[in-house]
Structure formats: structure tokens, C-alpha cells
Amino acid sequence: MALLRSLSAQRTAISLVYGRNSSKSGSAAVAARRSLQSATRSTPSAVASLTGTDDSNDSISPLTGRPLRIPGLTPSHCHGQRRFLHSGDKASTAAQPAYAEPAVKTDQKTQSNQCSPPSSSSSSSPSPAGSPQRDPLDVSFNDPIAAFKSKTTWELVRAYLVYMICSSEKLVEHNMTLLKLARSILGTKLFVLLMKSSFYGHFVAGENRHTIVPALERLRSFGVKPILDYSVEEDISQEEAEKREVESSVSSAGDCKEEGAMPQYHVDKSFADRRYKVSSARTYFYLNEATCERNMEIFIKCLEAVSEDDRKAPRAVATGATFGTGITAIKLTALGRPQLLLQLSEVIMRTRKYMEDMVGGQGNVLTHHKTIKDLEKYYASLGDNKNVKDFLKNVTSDKEGILHLFPWSGIVDEDSQLSDTFRVPDPQTGQMRRLISQISPKEEEMFRNMIRRLNTIVRAAAELDVRIMVDAEQTYFQPAISRITLEMMRKFNKDKAIVFNTYQCYLRETFREVGTDLEQAKRQNFYFGAKLVRGAYMEQERARAQALGYPDPVNPTFDATTEMYHKTLSECLRRIKLMKDGGEDAHKIGIMVASHNEDTVRFAIQQMKEIGISPEDKVICFGQLLGMCDYITFPLGQAGYSAYKYIPYGPVEEVLPYLSRRAQENKGVLKKIKKEKRLLLSEIRRRIFTGRMFYKPKGNYVPI
């Protein structure tokens, strides 16, 4: 009743805006809108300088410079941002259509009063025939119409109820127990119906690659593209998870910690359940090679589903070198035995330590800029040593220096034996020293199987013209994951970016790692793709580092992580600008800003404007999860930016662990939930009082 009284109290004011109170007020509102729109089109430069505040009802007439009062219209309804033209439009600024307006900066405190009242179905102006629809962008992300025009009223009500539940700490804390209890009481059919009407319906697109098609088509019609993820997760106990992880993380020869071994790259039973303190990432536990084969097949089916969606999509916008198609996300721990990733990661870090001890400095091998002749000098005291000569023959180098001490291309392209490859000469004795712990012939075969599966997936992606994003995982796996992913980039990203690596900005070394990988891409002449995220494993990483006695890899504060994210993104944008200014192909670097933090999204947009990178360049895109931060994703897509939704799908009962994690994640971002709830309620009220309760979304946008 309180909600109904609140809605009724606002009816009169809202009716004034939408012309529902009386014919007189309706005529006045229409006349005011037309007057303002006409003035906006005639004097865009004057409009671009206008500013206002949230507590003002006054707009400035671009013709007279005097306040223009529109009853019932507040700046919260305004959208004073640029409407971007389709990248194919070659007309000059003077010849641009009316919907291409100059940008006006806004933020959470200040917005432009240059706007038109939102229509009941869309806040955009009609687009010229044959042109994709583009809306202005409110970078304060406070426009409920732009955020939710792709939703039915029922979907808005459902979203509001889901967020209300996510705001209850007790319900979220025991959500998995409650879900299982509901399933046992209601039975399968009623439980599935309940989930599709609530959490599942909000966070998951559908049960299989065929049932998700309508959701994907609607996303595209509102300017948003998909990143598909088959989100079925095993619901196993902690004891079972620990048992599997320990067994699959130790060699059959035993967990032999040789001289120089690093504790972080060896399994510890206390942290064997990798789900510990992780709510925003899926975890795979190795069972056997057959399970890995099934995971590969599932990833390929995801690729095929994305490809089918791309073929059905409108083709008004040409496919770019980086972001013209959909994306599929994969995890390397789904494709092989985790022991192999642990051992490879330790090899990489021990190799770095070997170079640091020999030549000084810090970081990846290629950052030292040493040549093979430099290494020969370091080994000079060993004389004419056959071991050293054979080792130097396999070093990967170019005219600028050494890239890798080991032939990584042979490791991912051929059947190289790991135990034979990762050996270095002892600078004192000349004897070959093994950097990798013992690997049995069976485990060598398992590694080749893992690489074969990844090659098969990426080759299928290249043939289907779909992008692959390799997710980041824990720091004890990540050196191997990044190394293998970069080699896949070298192999497959020759003409465009097919493979993307993921970088977690809560880590202290992220900026350096991205810089190193950018340098490798430049020197080996392949397209570099990166997804920047804040990260999913922070609490677990800190606890593990403290328990095992190695340095904490995580930034000390939230602000430090934000600074790392912005610093890394700025470096990528700087390099894109250098390539663009130098007449090189700027598409050789492609970045996804995968963030639910609107300050980071605003930072990216502002940086793009400052250095002259437009959405039409198609080198920067944005991504958020389905069911979260729609007020960021959809306005971006509708304004002509490359925007993605991470789309999970799978049978209801098999995605319960995923839904449980989404509830946990939303509990941790109460501030975002508060804003989303406010915008949802605002749009629900608007539809009630303007007779739009049965509004049917129909978009006319074409993703860039």
C-alpha cells in the first residue's frame, strides 16, 4: 500500500511530462519539445556549452540564451551526449543528420539541460532511412529509459524483486540451501517454473543454444552483442573438490620440491577447493581426460551458437578487425590437468629468476633486451661448451633481442617433450639444469592433449569468425595460461584478433605484464587482444599468500586497483593512438573494458575522446554480465559504442551454482544494486502512469 500511495502521489507530475493529464498540458509539452528540438538542430555549437544541475528545472534557450522552463521536465530526463554516426558515413559535419549532436560532458553531479523529453518508447530521435539508430549518451548513467527500453514491464518487475532479495544478507548467505529446499518441496516442474520466473530468468538466457536465440536477437536489436558461456557447473562437496584437486595437481612421481622450487606453484590442501572466497568466477575440477574432451565440445558448440547469431544479425555495419562478431569465453583449467599449468607456471617464473640472477634487472625475459651475443659473454667462462651451443640454438630472438629462452612455438605447435625442453646451462658448471619438476610420459601426453584441445577450439573460432576470450584464473596458474594464450595469438591473430587474453587489475604486476605482452605482439607482428577486469580471486589470493609465506600479489587497496586498471587502459590507448597517428593499423590492439564500475567506464570514454579514438574505430569495447548493470551496457550500445553482455546459458538445475554465485556477487555490490533498483522503480512508475504497462520492446539498433 505504501508503494501504491507513493506511485499515486507522483502521478500528476509525471503526467505533465508525457501529456497525459489534459489536452492543454499535452499540447504545451509537445510544443515545448518541438521548439527545443528545432533550436537544438539549428545551433548545435551553442547547445554544446550548456550546463545545469540536478536540482534545477531550467533549460537555456540556445536561441536567446535565457532560461527556458518546461513544466515537469527535470535534468534527470536529459541526455546531453554525442550521437555517433555509423562508421560508414562520410558526410562532413555540416551535412550530418539531426541526430548527430555535439557531445556535452556530464557526471554524477552535473548534467546538461540540453535535451528532449523522453518518449514513451524511446529516447532517441528518428534516424534517416538506411542509417542505424543512435541515441545520445548520458555518461552519468542515470537514464532509466535508455537502460530498460529493451525490457518488458514484467522483466523490470522481476529484476526489481531479484535485487530486493539480493539485498537481504541472510537470504543470500543461505541461498544454495534455500534453493535445494525449494526444489525438494516443489518438485522439479514447479521448481523450474519458479526459477524461470525469478533468478534464472533474470541472470540466464536459456537452457540451450536454440532457446537463447530470441534473447540474443533482442540484445542485438538494442545495440548489444553476446559473449556466450555454457554455465553448467558441478555441485560437488568441499571434500570431493579437495580430493580431485590434490590428485590432479601432483605428478605421479610425487610433489618433489627441488632446489629453487617456489611454494606458490605447488598444491596446498588448505586451498585445494578453488571455490574458496570466490563468487564471481566458475571453477572446473579435473576428473579425467574424457571430461576435458566434453568441455572442448561444449566450447565449440558455444562458438557455433555465436556464429549462427552473427549470420542472422543485420549487416548495416561492416565487420571490423576486432569487434564485428560475438565472443565465447573459455577456461584452460577445463581443458587439462591443473598439475601441468602449475608446473609450467613455475618454469616461467624460475626462468625469469634465472635471467635476473645472470644479467640483473627484473621482469619477463624480453624486457631485458639482451641478445644471443650477450648471453655468449655470460657463458664465456665455460669455454667451447656443447650444452651451451645447443641451448642457444633454440633461444627465440629477433633483431631487438631475446624474446624467450625456450622455443614456445614448438611447444604449442609440435610434440615437444616438456622435460627435455625446459633446461638451462648452469653459468658456473655448464651442466644442463632442469627447471621443471619430473613429468611422466603419460603426463606429457596429457599436456599435448590439452594443447590439442585448445588448438581445435581456436581453429574452429577462426573458421567461424568468432572471438575467443581466455579467462584469467589464480596467480599460480596464470603465468602458464598467459604464455599459452600469447602463443595462440601469435599463431592465429595474423589478420585480426581472434584470441584475447584476460588481465586482472587487482594484481600488482598487471601493468608490467600487459606492457610485456604488447611488446611481444609488436615484435612478432600479431594482433593483440586483451580483456581488462578487476579480478575474481582477491580474497583467496591474499589468504593463500599469507598461509604459504610468499609475497601478497594483490594491490593493497580498492583505489590502488582502480589506479592500476586506469593506468593499464591508458597505456593500451596510448599505443593505439601512436599506431593510428603513424598510419599503422590501429586494430592491431583491441581492448575490452570489462567492468561494472561506472567510473572506470566514464574514464575509458573520456580517454577515448581526449586522444581521438572514436567508437567507429572499433578498437575498444565494453562488457558486463547479463542481468547486471543494464544501465551501463544498453546506453553504451544504443549510443554507438561496442557493448557486450556476458550471456550464460544451460539447464535450470545445472546452473544453480552459477545463480548462487550471482546472488553472492550482488550482495557485495549493494551500492550498484541501490542505483539499479532506483532506476528500475523509476521506469516501472513511468510505464504505469503513461499507460505503457504492456510495452513490447522492439529495437532498431545495429551493433557497431
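Look up a bit, the structure's there.
The rules behind each value
Residues numbered from 1 in each chain as written. Predicted model: local features only at pLDDT ≥ 70, side-chain atom pairs only at ≥ 80, totals over all residues. Heavy atoms only, no water. Helix = DSSP H or I, 4+ residues; strand = E, 2+ residues; numbered from the N terminus. Buried < 20%, exposed > 50% of the residue type's maximum accessible area, 1.4 Å probe, protein only. Contact = heavy atoms within 4.5 Å. Areas by Shrake-Rupley, 256 points an atom, 1.4 Å probe, with all protein chains shown as cover. Salt bridge = Lys/Arg side-chain N within 4 Å of Asp/Glu carboxyl O. Pairing = 2+ DSSP bridges. Axes fitted to C-alpha atoms, helices over the stretch in contact; angles between N-to-C directions. Phe/Tyr/Trp six-rings, centres within 6.5 Å; stacked < 30°, edge-to-face > 60°. Lys NZ or Arg CZ within 6 Å of the ring centre and 35° of its normal. Core = buried A, V, L, I, M, F, W, Y, C linked by side-chain atoms within 4.5 Å. Patch = residues over 30% accessible without salt bridge, like charges linked within 9 Å, V, L, I, M, F, W, Y side chains within 5 Å.

### Some words on the overall build of the chain
Tallying secondary structure elements over the chain gives 26 helices and 16 strands in all. Counting all 704 residues of the chain, 57% fall into the buried class. Long-range contacts, defined here as pairs at least 24 residues apart, represent 78% of the contacts in the chain between residues at least 6 apart. Of the roughly 29500 Å² of accessible surface on the chain, a fraction of 52% belongs to carbon and sulfur atoms.

### Regarding the pattern of salt bridges
Tallied over the entire structure, the rule returns 42 salt bridges. Put simply, Arg-209 and Glu-308 hold a salt bridge, and the shortest N to O gap is 2.6 Å. Of this pair, Arg-209 sits in the loop between α9 (199-203) and α10 (213-221) while Glu-308 sits in helix α12 (residues 289-312); the two residues are 99 residues apart in sequence, bridging distant segments of the chain. With relative accessibility at 18%, the residue Arg-209 sits in the buried group.

### Describing the sheet that holds strand β14 (residues 589-594)
Ordered by their spatial adjacency, 8 strands build a closed barrel running β5-β6-β11-β12-β13-β14-β15-β16, and the pairing between neighbours is parallel. Strand-to-strand twist in this sheet, taken as the mean axis angle between neighbours without regard to direction, amounts to 30 degrees. Taken together, the 2 bridges between strand β5 (residues 224-230) and strand β6 (residues 327-330) define a ladder with parallel strand orientation. Residue pairing for β6: Leu-228 is matched across the bridge by Thr-328. Helix-sheet contacts for helix α19 (residues 478-492) involve β11 (467-470), β12 (499-504) and β13 (528-533), and the interaxial angle to β12 is about 150 degrees. Contacts between helix α24 (residues 630-638) and the sheet are confined to β5, β15 (620-625) and β16 (642-649), with β16 contributing the most and set at about 130 degrees to the helix.

### What to know about the pairing of β13
Across the 6 residues of β13, 6 count as buried, placing the element largely inside the fold. Burial along β13 is two-sided: Phe-528, Ala-530 and Leu-532 and Gly-529, Lys-531 and Val-533, pointing in opposite directions, are all buried. In terms of strand pairing, β12 meets β13 through 4 bridges, oriented parallel. Pairing of Asn-501 across the sheet is with Ala-530, part of β13.

### Here we look at the packing of aromatic side chains
All told, the structure shown has 10 aromatic pairs when counted by the stated rule. A ring pair is formed by Phe-406 and Phe-422, whose centres lie 5.1 Å apart and whose planes are at 85 degrees; its orientation type is edge-to-face. Note that Phe-406 is positioned in the loop between β8 (401-404) and α16 (408-413) and Phe-422 in the loop between α17 (418-421) and β9 (423-425), a separation of 16 residues in sequence. For the pair shown, Phe-406 and Phe-422 are each scored as buried. A centroid spacing of 6.2 Å and a plane angle of 40 degrees characterise the contact between Tyr-503 and Phe-528, whose relative ring orientation is tilted. With a gap of 25 residues between them, Tyr-503 in strand β12 and Phe-528 in strand β13 connect regions that are remote in the sequence. The class for Tyr-503 is buried, based on a relative accessible area of 5%. Judged by its relative accessible area of 1%, Phe-528 falls in the buried class. Here a set of aromatic residues connected by ring pairs shows up, and it is made of Phe-406, Trp-408 and Phe-422. Its end group placed over the ring of Phe-285, Arg-274 keeps NZ or CZ at 5.2 Å from the ring centre. Taking NZ or CZ as reference, Arg-483 lies 5.7 Å from the ring centre of Trp-408, over its face.

### Details of α24
In an α-helix, one turn spans 3.6 residues, which is why side chains three or four residues apart end up on the same side. Burial analysis of α24 places 9 of its 9 residues in the buried class, the great majority of the element. For α24, the set of buried residues is Asp-630, Tyr-631, Ile-632, Thr-633, Phe-634, Pro-635, Leu-636, Gly-637 and Gln-638. Note on α24: the residue one or two positions beyond its end, Gly-640, has a positive phi of about 100 degrees.

### Some remarks on the nonpolar core
Core analysis: the biggest nonpolar cluster contains 163 residues, and Phe-622, Leu-636 and Leu-659 have the highest contact counts within it. When residues of this core are assigned to their parent elements, the largest contribution, 10 residues, is made by helix α13 (residues 338-359). In this view, Leu-636 contacts Leu-137, Phe-141, Val-601, Ile-605, Phe-622, Tyr-641 and Ala-643; residues no more than four positions away in its chain are not counted. Formed by 7 residues, the second largest nonpolar core is a distinct cluster that contains Tyr-506, Leu-507, Ala-536 and Val-554.

### Let's talk about the environment of Ser-416
Tracing the sequence through the fold places Ser-416 in the loop between α16 and α17. Relative accessible area serves as the criterion here: at 19%, Ser-416 is assigned to the buried category. Every residue in contact with Ser-416, bar those within four places of it in the chain, is listed here: Gly-410, Ile-411, Thr-421 and Glu-444.

### Some thoughts on the environment of Ile-484
Relative to the elements of secondary structure, Ile-484 occurs in helix α19. Sequence separation between Ile-484 and Ile-411 is 73 residues; the distance between their C-alpha atoms is 9.1 Å. With residues near it in sequence (within four places) discarded, Ile-484 still touches Leu-332, Leu-341, Leu-344, Ile-451 and Leu-454.

### A closer look at a nonpolar patch on the surface
Together, Ile-165, Leu-171, Leu-178, Leu-181, Ile-185, Leu-186, Leu-190, Leu-193 and Leu-194 give the surface a local cluster of nonpolar side chains, amounting to about 800 Å² of exposed area. The dominant element in the nonpolar patch, judged by the number of residues it contributes, is helix α8 (residues 175-196), at 7 residues. Considering the arrangement of structural elements, one finds Leu-181 in helix α8.

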